[in-house]
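Structure at a glance
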Protein chains: 2
Amino acid sequence: MKFEDIPTPAVYRLSFYLRQLEAFQRADRHTISSRQLGEALGYTDAQVRKDLAYFGQFGHPGIGYKVDELIGQLRKILGTDKVWNVLLVGAGNLGRALIAYRGFLRKGFRLAAIFDADNTKVGQPFGDLKVESMDNLAQLVSDLNIRLAIVSVPAEAAQNVADRLVAAGIRGILNFAPISVTVPPEVSVQGVDLAVQLEQLSFKMSLTGTESGESPANG
Amino acid sequence: MKFEDIPTPAVYRLSFYLRQLEAFQRADRHTISSRQLGEALGYTDAQVRKDLAYFGQFGHPGIGYKVDELIGQLRKILGTDKVWNVLLVGAGNLGRALIAYRGFLRKGFRLAAIFDADNTKVGQPFGDLKVESMDNLAQLVSDLNIRLAIVSVPAEAAQNVADRLVAAGIRGILNFAPISVTVPPEVSVQGVDLAVQLEQLSFKMSLTGTESGESPANG
């Protein structure tokens, strides 16, 4: 099976397996069974074996998975065994929090440049970096060999920013703007609209009948 | 078809349709065709019609969709026609940014209380609210009729926080902690692990051959 044909949810679960394996590694566990890995995440052992089988043969008979080895293999599959330089557009509250958030830019991702369209912000310190003008975008993307961008700008600026990123050579965008952006097929976009997530939750809660007999606040 | 049987991606797209319709509304558009709605989001008109048909019959012959009417109908389906009180646990950088983020707590969601396990933070102002002690959780959840919680705490605190939220009566959790949490079946969890999103992007970029001929930074 080619990677293209693997169901998206299985690729998502790969990230969760990796996260859990890293937790086992921190706890000095050296081997793990599919049942133990599944239990920690609320999946069956059959699910774990099926998911991992999409990507290769990782277990050892009578041992299970070797934690360090499987971590290395999953990082390789997810492309995080190398370090990706990442840029951020939008040096506002959310951008600042994303960068400060422990675990966001973990092993595999390094923040290399920060841009803002607001010229009054250009030159301001932002962690170890300073905010760059959008005029320097193409030059810095090329100089720093950046392929991934995080966009945390207002909705009305998002498409223009995405267009400029694509023109500058960016090939993956993590979009926090509360609107979807259109990009050419060779560019990947991962949308993270926080309000969408809340709406999906409220939809699920309607399904599970949480509302029955008790109405939400009407403030 | 029952709502339970509707594919999750279609429910996601419902949020995007709503977002786009709100943009049309701001631009004083009163009616819209499935083609126009789809074009704005990069979907075919057939996709738009199929998605909306899961939830009801919304179009008008010769007119298309009435923007205000469809917005109201989608909000009702998503459960955001009422105001949900939401609480936040974790008054750190990310929590602060989430609350400050324009568009996150939009119509339909109101931040009603903020909690932190760190007693030195308790009592500090946080927007219009002040940070509450976790000891007051159950009381405030009951008094303020809160069913939804946003969790932005470190990985190691997340499960304990989720357990306490569930015990206090919370039925939906938007989890920003970089680890998955286990909850009873009557509780919904929406995980938003930001590092997972980046990993998914780097996986997709490997698929599209972005790496061929040019290796990512090795810093």
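Calculation criteria
Residues numbered from 1 in each chain as written. Chains lettered and ligands numbered in written order. Predicted model: local features only at pLDDT ≥ 70, side-chain atom pairs only at ≥ 80, totals over all residues. Heavy atoms only, no water. Helix = DSSP H or I, 4+ residues; strand = E, 2+ residues; numbered from the N terminus. Buried < 20%, exposed > 50% of the residue type's maximum accessible area, 1.4 Å probe, protein only. Contact = heavy atoms within 4.5 Å. Phe/Tyr/Trp six-rings, centres within 6.5 Å; stacked < 30°, edge-to-face > 60°. Axes fitted to C-alpha atoms, helices over the stretch in contact; angles between N-to-C directions. Parallel < 35°, antiparallel > 145°, perpendicular 65-115°, else oblique. Nonpolar A, V, L, I, M, F, W, Y, C, P; charged D, E, K, R; others polar. Left-handed = near helix turned anticlockwise from the far one by under 90°. Arc of directions from axis to C-beta. Pairing = 2+ DSSP bridges. pLDDT = per-residue confidence, 0-100. Salt bridge = Lys/Arg side-chain N within 4 Å of Asp/Glu carboxyl O. Expected span 1.5 Å × (residues − 1).

The next point concerns the overall build of chain A. Broken down by element type, chain A carries 8 helices and 9 strands. Burial statistics for chain A: of 219 residues in total, 50% are counted as buried. In chain A, of all internal contacts separated by at least 6 residues, the share reaching a separation of at least 24 is 57%.

Now for the packing of aromatic side chains. Taken as a whole and assessed by the stated rule, the structure comprises 6 aromatic pairs over all chains. On the basis of an interplanar angle of 80 degrees and a centroid distance of 5.8 Å, the ring pair of Tyr17 of chain A and Tyr43 of chain A is categorised as edge-to-face. Of the two residues, Tyr17 of chain A is situated in helix H1 (residues 8–26) and Tyr43 of chain A in the loop between helix H2 (34–41) and helix H3 (45–53); the sequence distance between them amounts to 26 residues. Overall, the relative accessible area of 25% leaves Tyr43 of chain A in the partly exposed class. Ring plane angle 75 degrees and centroid distance 6.4 Å describe the contact between Phe203 of chain A and Phe55 of chain B, whose orientation is recorded as edge-to-face. Placement of the pair is Phe203 of chain A in helix H8 (residues 194–207) and Phe55 of chain B in the loop between helix H3 (45–53) and strand S2 (65–66), with the two residues belonging to separate chains. Comparing Phe203 of chain A with Phe55 of chain B, the two get one shared label, buried. One aromatic cluster is present, built from ring pairs that chain together Tyr54 and Phe55 of chain A together with Phe203 of chain B.

Below, the discussion takes up the packing of H2 of chain A against H3 of chain A. All names here are of chain A. Orientation of H2 relative to H3, taken along the N-to-C sense of each, is 105 degrees, at an axis distance of 8 Å. As the angle between them shows, H2 and H3 are arranged roughly perpendicular. Here H2 contributes Ser34, Arg35, Leu37 and Gly38 to the contact with H3, which in turn contributes Asp45, Val48 and Arg49. Its residues assigned to classes, the contact of H2 with H3 shows 2 nonpolar, 2 polar and 3 charged.

As a further point, take the packing of helix H1 (residues 8–26) of chain B against helix H4 (residues 67–78) of chain B. Residue and element names in this part refer to chain B. Viewed as axis vectors pointing N to C, H1 and H4 meet at an angle of 145 degrees, and their least axial separation amounts to 10 Å. The chirality of how H1 crosses H4 is left-handed. On H4, the residues touching Val11, Leu14, Ser15, Tyr17, Leu18, Leu21, Glu22, Phe24 and Gln25 of H1 are Val67, Asp68, Leu70, Ile71, Leu74, Arg75, Ile77 and Leu78. The residue makeup of the contact of H1 with H4, split by class, is 12 nonpolar, 2 polar and 3 charged.

Residues and elements named next belong to chain B. For helix H2 (residues 34–41), the set of buried residues is Ser34, Leu37, Gly38 and Leu41. Viewed end-on, H2 has its buried residues packed into an arc of 95 degrees, placing them on one side of the element. Packing partners of the buried residues in H2 comprise H1, strand S1 (31–32), H3 and S2. Backbone geometry just downstream of H2 places Gly42 in the positive-phi region, at approximately 80 degrees.

Residues and elements named next belong to chain A. Across the two faces of strand S9 (residues 188–191) the burial differs, with Ser188 and Gln190 buried and Val189 and Gly191 not buried at all. Looking at chain direction, strand S8 (residues 172–175) and S9 are connected through 4 bridges and run parallel. Paired with Gly172 across the two strands is Ser188, which belongs to S9.

Turning next to the confidence of the model for chain A. Chain-level statistics for chain A give a pLDDT mean of 85 and a share of 89% at 70 or above. Low pLDDT, under 50, characterises residues 211–219 of chain A; the stretch is placed with 18 contacts to residues that sit more than four places away or in other chains.

Residues and elements named next belong to chain B. Read from one edge to the other, the open sheet built from 7 strands follows the order S5-S6-S4-S3-S7-S8-S9, with strand pairing classed as mixed. With partners counted over all chains shown, the strands left at the sheet margins are strand S5 (125–126) and strand S9 (188–191), one partner each. The sheet contact formed by strand S4 (residues 109–116) and strand S6 (residues 129–133) spans 3 bridges and is parallel. Bridging from a neighbouring strand, Ile114 pairs with Val131 of S6.

We now examine the environment of Phe176 of chain B. Residues and elements named next belong to chain B. Mapped onto the fold, Phe176 is located in the loop between strand S8 (172–175) and S9. Of the residues examined, Phe176 reaches a relative accessible area of 1% and is grouped as buried. Taking C-alpha positions, Phe176 is 9.2 Å from Gly95, a pair spaced 81 residues apart along the chain.

If the charged atoms of two oppositely charged side chains come close together, the side chains can form a pair. Tallied over the full model, the rule gives 18 salt bridges over all chains. Between Asp45 of chain A and Arg49 of chain A there is a salt bridge, with its nearest N and O atoms 3.4 Å apart. Taken as a pair, Asp45 of chain A and Arg49 of chain A lie in helix H3 at a separation of 4 residues, close to a single helical turn. Exposure remark for Asp45 of chain A: the relative accessible area of 29% places this residue in the partly exposed category. Close ionic contact of Lys130 of chain B with Glu132 of chain B constitutes a salt bridge, the shortest N to O distance being 3.9 Å. A residue is classified by how much of its surface remains accessible, and Glu132 of chain B, at 18% relative accessible area, is buried.

On to H1 of chain B. The first and last C-alpha atoms of H1 of chain B sit 28 Å apart over 19 residues, in line with the 27 Å expected at 1.5 Å per residue. Looking at the residues trailing H1 of chain B, positive phi occurs at Asp28 of chain B, about 65 degrees.

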